[in-house]
There are 2 protein chains.
Amino acid sequence: MTAWKLGKGVLWMGNKNEFTEQLKQRGYKLTKQRQAILDVFMEMERPLATAQHIFEKVMEINPGINFSTVYRNLDMLVQEGIVRKITFDQGAAYYELMGGKHHHHLICKGCGKIQCVDYCPLRDMPIKEGFVPTDHSFEIFGFCKECMQTKLLEDERRRERE
Amino acid sequence: MTAWKLGKGVLWMGNKNEFTEQLKQRGYKLTKQRQAILDVFMEMERPLATAQHIFEKVMEINPGINFSTVYRNLDMLVQEGIVRKITFDQGAAYYELMGGKHHHHLICKGCGKIQCVDYCPLRDMPIKEGFVPTDHSFEIFGFCKECMQTKLLEDERRRERE
DNA sequence: ATCTCTGCAAACATTTTGCATCATC
DNA sequence: GATGATGCAAAATGTTTGCAGAGAT
């Protein structure tokens, strides 16, 4: 059982059985590969992970698993609404457990740290007549407190040198 | 000279000379390839285009141009703040002229039509203490008025059949 | 026993790179 | 003429696919 904190509340909470039951009921077989992938999601230290990262972690639990199996299962989990897929740079896609509260991310360009934010822009956006939104992306890039301080110091030093 | 409309205002307006002057001043050479790429951006019928799409259009003006030249120049234009790069699906990245007003997009999953929206979530989002935002993505997917009607009709028909 | 899932290898799509040549300034 | 840009070909990256055999129900 894992829980990520968001401000004063809890961002999500879930246990593996919940998901495995869901999958079984929908006619999916419970292979050790799938269990290992779910295990990795349950024990993730960051909210977002790439397929590569998930693959590496799964290898620790189930060595010999193939990359395509990871991809196929990630697709399946997205399809079943258990996992969300996010792409913000043109590189690899990121995956995260959907469970719990809808949220977005602050991504630090300095250290790569990812924080979750409760705020969702869709509730404040004026409705465009006739358009019915189904999904949306909202990711904020910038510098966290620590990296901003580092950056300001660097900028200052550079200015002194010139 | 091109202008895209946004509600009652104009989304952006620009002319090629403006950009070519900018590039010249920053020490870039004005090759025919670069001019062709800018021409394509000026005459784009949609706000967003993939590198592939831009390449095809540039080929009409300057046949023989190479794909890497297009990529290198798109990178350069992004670097120089003339073009914005957007990625929302894990496929190809999209590019658009930055000129004018900051905006986001409504993307129809039915017909692929892209509308621009004035609203920016960053102005309503509660500030996370210490985090300094520099960039952000905000793209809304859904169905435009026409596609939603089509979809509703299809859903109804399906329900009747069952 | 059935039918899905997996591993493997190969294909695919998009983007990046090194290097010799070419064009702009 | 110097410097930076281009074309070409090849590689790198991330993801998808077909198929034969293995494994879950």
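- Taken verbatim from the UniProt record of chain A, the Sequence similarities (unreviewed entry) comment is "Belongs to the Fur family."

**Focus: the protein's contact with DNA strand C**
Reasoning step 1: Around DNA strand C, a shell composed of 22 residues is seen, among which T31(A), Q33(A), T69(A), R72(A) and Y71(B) lie nearest.
Reasoning step 2: Within 4 Å of the protein, the contacting atoms of DNA strand C are 64% sugar and phosphate, with bases supplying the remainder.
Reasoning step 3: In the model, a phosphate oxygen of DNA strand C is placed 2.8 Å from a nitrogen or oxygen of the T31(A) side chain.
Reasoning step 4: When contributions to the surface near DNA strand C are tallied by element, the ones reaching two or more residues are α2 (32-42) and α4 (67-79) of chain A together with α4 (67-79) of chain B.

**Regarding the relation of the copies chain A and chain B**
Think of it as a corkscrew move, a rotation about one axis and a shift along it, taking one chain copy to the other.
Reasoning step 1: Each copy superposes on the other: chain A lies on chain B with an RMSD of 0.1 Å after a rotation of 180° and an axial shift of 0.0 Å. Put plainly, the chains are arranged around a two-fold axis. Considering only C-alpha atoms, the part of chain A nearest the rotation axis is F138(A), at 2.2 Å.
Reasoning step 2: When the interface residues of chain A are mapped onto chain B, 100% of them again lie at the interface, so the same face is used by both copies.

**Brief notes about the protein's contact with DNA strand D**
Reasoning step 1: Of all residues adjacent to DNA strand D, which total 22 residues, the nearest are Y71(A), K29(B), T31(B), Q33(B) and T69(B).
Reasoning step 2: Counting only atoms of DNA strand D within 4 Å of the protein, the sugar-phosphate share comes to 63%.
Reasoning step 3: Contact distances for DNA strand D include 3.0 Å between a base nitrogen and a side-chain N or O atom of K29(A).
Reasoning step 4: Here a phosphate oxygen of DNA strand D and a backbone polar atom of G64(B) are 3.4 Å apart.

Rules used in this analysis
- Residues numbered from 1 in each chain as written.
- Chains lettered and ligands numbered in written order.
- Predicted model: local features only at pLDDT ≥ 70, side-chain atom pairs only at ≥ 80, totals over all residues.
- Heavy atoms only, no water.
- UniProt positions renumbered as here; feature names shortened; annotations may be inferred.
- Near = heavy atom within 4 Å.
- Polar contact = N/O pair within 3.5 Å; in protein donor to acceptor, adjacent residues only side chain to side chain.
- Helix = DSSP H or I, 4+ residues; strand = E, 2+ residues; numbered from the N terminus.
- Least-squares fit on C-alpha atoms with pLDDT ≥ 70 in both.
- Contact = heavy atoms within 4.5 Å.

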